[in-house]
Every structure is written in C-alpha cells, then in structure tokens.
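Summary of the model geometry
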Amino acid sequence: YGIDFGYGLSTGTLAASNNTVTINQNSTAAVSGAIIGIKGNYTSAGGTFNTNNITINQAHAPTATATNSSAVTTLTLPGAVVNSSSTVNALSNTILLNRTVTAGTGVTGTISGTFTGIQATSADSVLNIGSAGNGNTITFKEAAVSGAGTATYTSTVTFIDAGTTHRYAHIVSNTLNTTG
C-alpha cells in the first residue's frame, strides 16, 4: 500500500490530500499480491481525499509463460456513518495505471488483475466523486508487447465503483481515459 489508515473511527474523519503516491511492481514470474495506492475504506464520520497524484506502474517481464493477476485499486474511500452530516469527498485527484508486458520468444506474459480507479463501496450519507471544476482524472494504459513473445491483457476495468447504497451520491465532471 502507498498509504493505509489501518482502521477508522465512527466519530472521526479520514483525510488524505495533496499526496504523491507511486508504486512500481516489476515481476518476472507469476504474482498476485493486491496493490492499493491510498486505502481509506474504514468506518468514519466522513473523509476528504483531494488533489492526490497516484501512479501505479506494473511491468511484467516473465522469463517463462506467467500471469500477473495482482488486483489494483488506486483509491478506496471510507464508509461513513450514515447521518445528515457525514460527507466523503474525492475531488481533483489524478490517477494513472501503466501496464507493460515484455516477453521473449515463445513466452506469453498475461496481466489479468482487476483495475479499480476510485472505490466507494461502503455506505455514505453524502458521496462526492468529482464536482464542477474539481473532477478527477483517471487514466488506464496498457502497452503493446515488447519483445518477440506474446502479451495478453484480460483485466476487468472499473474507473469508479460506487456500488452500494449511499444516501446521496454525486459523481460529476470526471475524466476517464484509456490509452496504450
């Protein structure tokens, strides 16, 4: 993990703003460990996760056919106590996931781990992921194979996961990019 709050407090708020987190995962064999940029998915009375720059680089260069199945989540948001005053904000974050495979002759390198940009899967009273003028930018990049081998990408990509019951959920003005 880049930043992990470790636990929450139902009467307190979690704040992680203005951070730069870069995680590099370089694999030459099968790997499956989860990667999380900022982990704040704990019970709280709210949270502020603004203006963070989170970059995850996965370079898979197997020496024999192998799969990198590491799940990547760049930002997990707290589940707030659902009352009229609990708010969780994720505004103006820049998130980048770069994936590359380098494989030699007769070798297949596969990256199959899921990618989730921003995850807010615990109930919040008010959830704001982006706002007018304060949107998040999430870029997912998978590069073509380098070398004489074969690259396979089979990941499920979810840019924003707000998959639970929030009292109010505002997902506004975000930029979602794929490239590679």
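That block above? That's the structure.
Residues numbered from 1 in each chain as written. Predicted model: local features only at pLDDT ≥ 70, side-chain atom pairs only at ≥ 80, totals over all residues. Heavy atoms only, no water.

Right, let's get into the environment of Val 21. Mapped onto the elements, Val 21 comes out in strand β3 (residues 20–27). By relative accessible area, which is 8% here, Val 21 ends up buried. Residues Val 21 and Thr 178, spaced 157 residues apart in sequence, show a C-alpha to C-alpha distance of 20 Å. Non-local contacts of Val 21, meaning those with residues more than four positions away in its chain, are made with Gly 2, Ile 3, Gly 37, Ile 38, Asn 53, Ile 54 and Thr 55. (Helix = DSSP H or I, 4+ residues; strand = E, 2+ residues; numbered from the N terminus. Buried < 20%, exposed > 50% of the residue type's maximum accessible area, 1.4 Å probe, protein only. Contact = heavy atoms within 4.5 Å.)

The sheet built from three strands is open, its strands ordered β8-β13-β17 with parallel pairing. Edge positions in the open sheet fall to β8 (66–68) and β17 (150–153), since each of these has one partner strand only. Direction aside, the axes of adjacent strands within the sheet are offset by 20 degrees on average. The sheet contact formed by β8 and strand β13 (residues 108–111) spans three bridges and is parallel. Looking at β13, one finds that Thr 67 is bridged to Thr 110. (Pairing = 2+ DSSP bridges. Axes fitted to C-alpha atoms, helices over the stretch in contact; angles between N-to-C directions.)

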